[in-house]
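# Commentary on secondary and tertiary structure
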Amino acid sequence: RLSFVTCKKSGNVLVIDSVLNIDEQDILQENIKDVTSTRSGIVESVEVLRGTALVKKGDAVNVGDVLIGAYMIGKNEEVYPTYVVGKVSIITQETFEYDFDSVSEELIKIAESTAKFNASGEVVSAKTEVNGNAVKVVVDVRIIIGN
């Protein structure tokens with residue numbers, strides 16, 4: 001019900017200045033929803049400011065898994081719905097395959113560069129395999145889900 005709050009500490013006195021929200025609209029309530037995974041991978045980190053983390057670092061997640069629940073647990077284990085403020089970093093893999101008439105060091109570098117460019121997130125690492133005239137590049141990608 002507050003639209004603005006500031007806190008100032010002066011010595012051993014805490015001064016709180018707050019402004020009541022005149023509008024009764026509760027826009028945030030419309031956005032109450034869980035944060036779900038859009039990709040499969042391994043959780044690298046979880047940062048939750050509001051909501052309940054349902055995964056931890058090192059957990060394997062699949063598409064559709066709930067990462068942050070849109071609720072908080074209060075005293076006496078009471079559950080309160082809330083909007084989510086948080087993000088989860090997931091390391092996932094993407095595979096790119098290229099076929100060439102003949103493979104050279106230059107074409108391998110081009111395949112690696114192209115794979116990294118086409119990856120859908122921040123590239124963490126890449127592994128390249130050459131099998132005959134086929135070049136396979138497996139890219140580990142960091143994606144951030146949440147807000």
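Details of the structure are given in the entry above.
Residues numbered from 1 in each chain as written. Predicted model: local features only at pLDDT ≥ 70, side-chain atom pairs only at ≥ 80, totals over all residues. Heavy atoms only, no water.

## Structural notes on the overall build of the protein chain
Worth spelling out the cut-off: Per the convention used, a helix needs a DSSP run of H or I reaching at least four residues, while a strand needs a run of E reaching at least two, with both numbered from the N terminus. Burial classification: accessible surface area is computed with a 1.4 Å probe over protein chains only, and a residue below 20% of its type maximum counts as buried, one above 50% as exposed, and the rest as partly exposed. When checking whether two residues touch, look at their non-hydrogen atoms; a contact exists if any pair is within 4.5 Å.
A count of helices and strands for the protein chain gives two helices and twelve strands. Listed by position from the N terminus, the elements making up the protein chain come as β-β-α-β-β-β-β-β-β-β-β-α-β-β. When its C-alpha atoms are laid out on the principal axes, the protein chain stretches across 75 × 35 × 30 Å. Within the protein chain, the fraction of its 147 residues that count as buried is 23%. In the protein chain, the proportion of contacts linking residues at least 24 apart, taken out of those at least 6 apart, comes to 51%.

## What to know about the sheet that holds strand β12 (residues 134-146)
Going by this rule: The rule for pairing is simple: two strands pair if DSSP sees at least two bridges between them. For helices, the axis comes from a line fit to the C-alpha atoms of the stretch in contact; other axes are also lines fit to C-alpha atoms, and the angle between any two N-to-C directions lies between 0 and 180 degrees.
Pairing within the open sheet is antiparallel, and its five strands lie in the order β6-β4-β10-β12-β11. Two strands in the sheet have a free side with no partner beyond their single neighbour: β6 (60-61) and β11 (122-131). Bridging between β11 and β12 involves nine bridges; their strand directions are antiparallel. Within β12, the position partnered with Glu129 by the bridge is Lys136. Strand contacts of helix α2 (residues 105-118): β10 (85-99), β11 and β12, with the helix running at about 150° to β10, the strand carrying the most contacts.

## Overview of the side chain of Glu94
Stated precisely, the cut-off is as follows: Contacts described as polar in this section are N or O atom pairs within 3.5 Å, which, within protein, must combine one atom able to donate a hydrogen with one able to accept it, while residues neighboring in sequence count only if both atoms come from side chains.
Tracing the chain through its elements places Glu94 in strand β10. A polar atom in the side chain of Glu94 sits 2.9 Å from the side chain of Arg39.

Just distances and angles here, no functional claims.
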